Amino acid sequence: MQQTDSLEAKIILKEIVSELVSTVRKQDFLTYFKKLSVVDRTSDRIVFGVVSSFMRDNLSHKFYDEIKQATKKFVPSIESVDFVVDTAIDNTTNTQVVDCQTLYKEFTSKRTKKTEIPGHEQVDGIVSRVINDKYRLDNFIIGPSNQLAYAAADAVCRKPGSSYNPLFIYGDVGLGKTHLLQAIGNGIRARFRDKRVIYTTADRFLTDYITSVKARKVDQMREKYRSIDVLIIDDVQFLAGKKQTQEELYNIFNILYEGNKQIVLSGDRPPKELSELEPRLRNRFEWGIIVDIGAPDFETRLAILQEKARAREFIIPQQVAEFIAYNTGENVRELEGILNQLVAEYELHNTPPTIEHVAKKFKKLAITDDFSGPKKSRTKIAGYQELLDAVSAHFGIEVGSLVGEDRRKENMIPRQVAMYLLKNRLNYTYDRIGNIFSGRNHSSVLYSCKKLEQILKKDQNLFYEINVLRDKLGI
Ligand code: ADP
Ligand code: MG
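A brief look at the structure comes next. (Residues numbered from 1 in each chain as written. Chains lettered and ligands numbered in written order. Predicted model: local features only at pLDDT ≥ 70, side-chain atom pairs only at ≥ 80, totals over all residues. Heavy atoms only, no water.)

**Thoughts on the overall build of the protein chain**
A count of helical and extended segments in the protein chain gives 22 helices and 11 strands. Counting the 475 residues in the protein chain, one finds 51% classified as buried. Long-range pairs, those at least 24 residues apart, make up 74% of the contacts in the protein chain with a sequence separation of at least 6. Split by element, the accessible area of the protein chain, about 23,300 Å² in all, is 49% carbon and sulfur. (Helix = DSSP H or I, 4+ residues; strand = E, 2+ residues; numbered from the N terminus. Buried < 20%, exposed > 50% of the residue type's maximum accessible area, 1.4 Å probe, protein only. Contact = heavy atoms within 4.5 Å. Areas by Shrake-Rupley, 256 points an atom, 1.4 Å probe, with all protein chains shown as cover.)

As structure tokens, then:
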């Protein structure tokens, strides 16, 4: 996980643990909950780090439901939680670790004195998520995919509340929305020291609202949100279906807007496609400017990787950087994940980043050893349907036979190829692939993919054909 998210991780962790304190039996809690970290997080999955395999096995078997529920409470989009042994958990500089035992004492102590959570910032008493100063406009790499979003963000920093209001940035996960939103917050603060800025996520806004309703302090929350100069709300799609919270935001929006206060929002879709938001709120979101962030092309990915490496004072040979940028997906987090691993391996084992080493890491040696420098940048393909069409056309069979249950040999290889590409190039899960292929189960898909890997080691022709298909699909 990127360090820049570590604060967020810690805040989430604290909240989750506080929830678990009340849902897990005391004796169990004290036995099984030691240190916890967040090792990775995507929009629907969190990977927790624990101290040992014993803890991992116990947490994932005995307390899976409790942990998932507690997590969902704070991050509603989470669909699954996982546990891994985190070797860095005892590292004292690790800021994304919480010690459950200490927290237990804190939460259960009779003192009700509210301690301020470190890293939170008070804006007239509003606990806002601190803006991470690693997210700046000057370290945001500009490419064709994000140029407009960058320009709008820059304009907002220069003249908040005047031209682009609200600014709505949308795009897929991992493409830099949070980076830009926080950079706006940082940029405005740097220029206009007296402006009060709140950056929050829709999740967080929701939790704040619910908490204030419970505590009968809605008026106070309203007052405070209405007294700020810049309101930045990330990932507004998470307000889906939360009518009351949307209503609250709608009112806040109107007041801020009328006072020429800047509002910045992000979402995974443009406002008009956020069908689970109230039409009038969506409509407000459309009042200003809407810009999208697309998937970065090869050059942009390469530049981002180099910038991130430079920031960590880590040297990646040009060829290796190109290899990584060429072979990773469009999600920038993936790119950072690889970089983090390379840095860790270098620091722990002195393993220098080489193409062979990275290729092994990708576990895709079978299809990436045809690498001969950057080729064309990959175009985004629509999805599995396009892949199924291409594979069946290539092998001259019907899509129905491709995904069907028939075990004739002429269908088997194309089927395995399609599954293999979905898994390795489009990162589909085995379960999802299984669903596409007549509801096959996880292990049957896994078996097919492994089987094909075996065949590919010997069958040069098939290897070649797969590369032709990959070229056609741009994957
Ligand atoms: P999103 O909020 O859209 O899911 P993030 O803003 O969290 O994505 O981006 C994921 C990571 O990728 C962050 O660490 C961010 O700094 C990095 N990133 C994305 N795009 C760029 C870019 N153009 N330049 C530099 N870093 C980027
Ligand atoms: Mg984000």
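From this point on, the discussion continues.
**Comments concerning the site of ligand 1**
Taken together, 19 residues sit near ligand 1, with Gly 174, Thr 178, His 179, Lys 308 and Glu 336 positioned nearest. Within the complex, the protein chains bury 98% of what would otherwise be the 560 Å² of accessible surface of ligand 1. Contributions of two or more residues to the shell around ligand 1 are made by helix 7 (177–191), helix 12 (298–311) and helix 14 (332–349). Across the shell around ligand 1, the residue classes tally to seven nonpolar, seven polar and five charged. Inspection of the shell around ligand 1 shows a minimum of three residues originating in each of domain 2 (114–293) and domain 3 (298–365). (Near = heavy atom within 4 Å. Nonpolar A, V, L, I, M, F, W, Y, C, P; charged D, E, K, R; others polar. Domains from an automatic or database assignment.)

**A closer look at the pattern of salt bridges**
Under the defined criterion, the tally for this structure stands at 18 salt bridges. Residue Arg 45 is joined to Asp 82 by a salt bridge in which the shortest nitrogen-to-oxygen separation is 2.9 Å. Of the two residues, Arg 45 sits in strand 2 (residues 45–50) while Asp 82 sits in strand 3 (residues 80–85), which places them 37 residues apart along the sequence. By relative accessible area, Arg 45 is classed as partly exposed at 31%. (Salt bridge = Lys/Arg side-chain N within 4 Å of Asp/Glu carboxyl O.)

**Things to note about the nonpolar core**
Among the nonpolar cores identified, the biggest contains 30 residues, and Phe 29, Phe 33, Leu 36, Phe 48 and Leu 59 are the most heavily contacted of them. Elements with a contribution of two residues or more to this core: helix 1 (6–23), helix 2 (26–32), strand 1 (35–41), strand 2, helix 3 (53–62), helix 4 (64–74), strand 3 and helix 5 (100–108). Ranked by the residues each element gives to this core, the list is headed by helix 1, at seven residues. Once you skip the residues sitting within four places of it in the chain, Phe 48 turns out to touch Leu 13, Ile 16, Leu 36, Ser 37, Val 38, Val 39, Ile 67, Thr 71, Val 81, Asp 82, Phe 83 and Val 84. Leu 387, Met 419, Val 445 and Cys 449 belong to the second largest nonpolar core, which has 28 residues in total. (Core = buried A, V, L, I, M, F, W, Y, C linked by side-chain atoms within 4.5 Å.)

**A word on the sheet that holds strand 8 (residues 197–201)**
The sheet built from five strands is open, its strands ordered 8-9-10-7-11 with parallel pairing. Two strands lie at the open edges of the sheet, namely strand 8 and strand 11 (289–292), each paired on one side alone. Going across the sheet, the axis of each strand differs from the next one's by a mean of 15°, ignoring polarity. Looking at chain direction, strand 9 (residues 230–234) and strand 10 (residues 262–267) are connected through four bridges and run parallel. The partner of Ile 233 across the bridge, within strand 10, is Leu 265. (Pairing = 2+ DSSP bridges. Axes fitted to C-alpha atoms, helices over the stretch in contact; angles between N-to-C directions.)

**A few points about the packing of aromatic side chains**
Per the counting criterion, the structure on display carries 16 aromatic pairs. Ring geometry for Phe 253 against Tyr 257: centres 5.9 Å apart, planes inclined by 15°, an arrangement best described as stacked. Taken together, the positions of Phe 253 and Tyr 257, both in helix 10 (residues 243–258) and four residues apart, correspond to about one turn of that helix. A relative accessible area of 28% places Tyr 257 in the partly exposed class. Considering the side-chain rings of Phe 253 and Phe 285, the 6.2 Å spacing of their centres and the 50° angle between planes classify their relative orientation as tilted. With a gap of 32 residues between them, Phe 253 in helix 10 and Phe 285 in helix 11 (residues 279–285) connect regions that are remote in the sequence. Per residue, the accessibility class of Phe 253 equals that of Phe 285, and both read buried. Above the ring of Phe 192, the side-chain terminus of Lys 195 is found at 5.5 Å from the ring centroid. One Lys or Arg, Arg 432, reaches over the ring of Tyr 428 and ends 4.0 Å from the middle of that ring. (Phe/Tyr/Trp six-rings, centres within 6.5 Å; stacked < 30°, edge-to-face > 60°. Lys NZ or Arg CZ within 6 Å of the ring centre and 35° of its normal.)

**Describing the environment of Val 468**
By the element assignment, Val 468 lies in helix 22 (residues 460–473). Relative accessible area serves as the criterion here: at 27%, Val 468 is assigned to the partly exposed category. Residues Val 468 and His 394, spaced 74 residues apart in sequence, show a C-alpha to C-alpha distance of 9.4 Å.

**Remarks on the pairing of strand 7 (residues 167–170)**
Taken residue by residue, a regular strand's side chains alternate between the two faces of the sheet. Here four bridges tie strand 7 to strand 10, and the two strands are oriented parallel to one another. Of the residues in strand 10, the one forming a bridge with Phe 168 is Leu 265. Looking at chain direction, strand 7 and strand 11 are connected through four bridges and run parallel. By the bridge assignment, Ile 169 is partnered in strand 11 with Val 291.

**With respect to the pairing of strand 2**
For strand 2, a buried count of five out of six residues is recorded, marking the element as mostly surrounded by other parts of the structure. Note: strand 1 against strand 2, four bridges, orientation antiparallel. For Arg 41, the partnering residue across the bridge sits in strand 2 and is Ile 46. Counting the residues in the hairpin turn of strand 1 and strand 2 gives three residues. Sheet analysis places strand 2 next to strand 3, joined by six bridges and oriented parallel. Considered in strand 3, the bridge of Arg 45 is made with Ser 80.

Nothing here speaks to function; it is geometry throughout.
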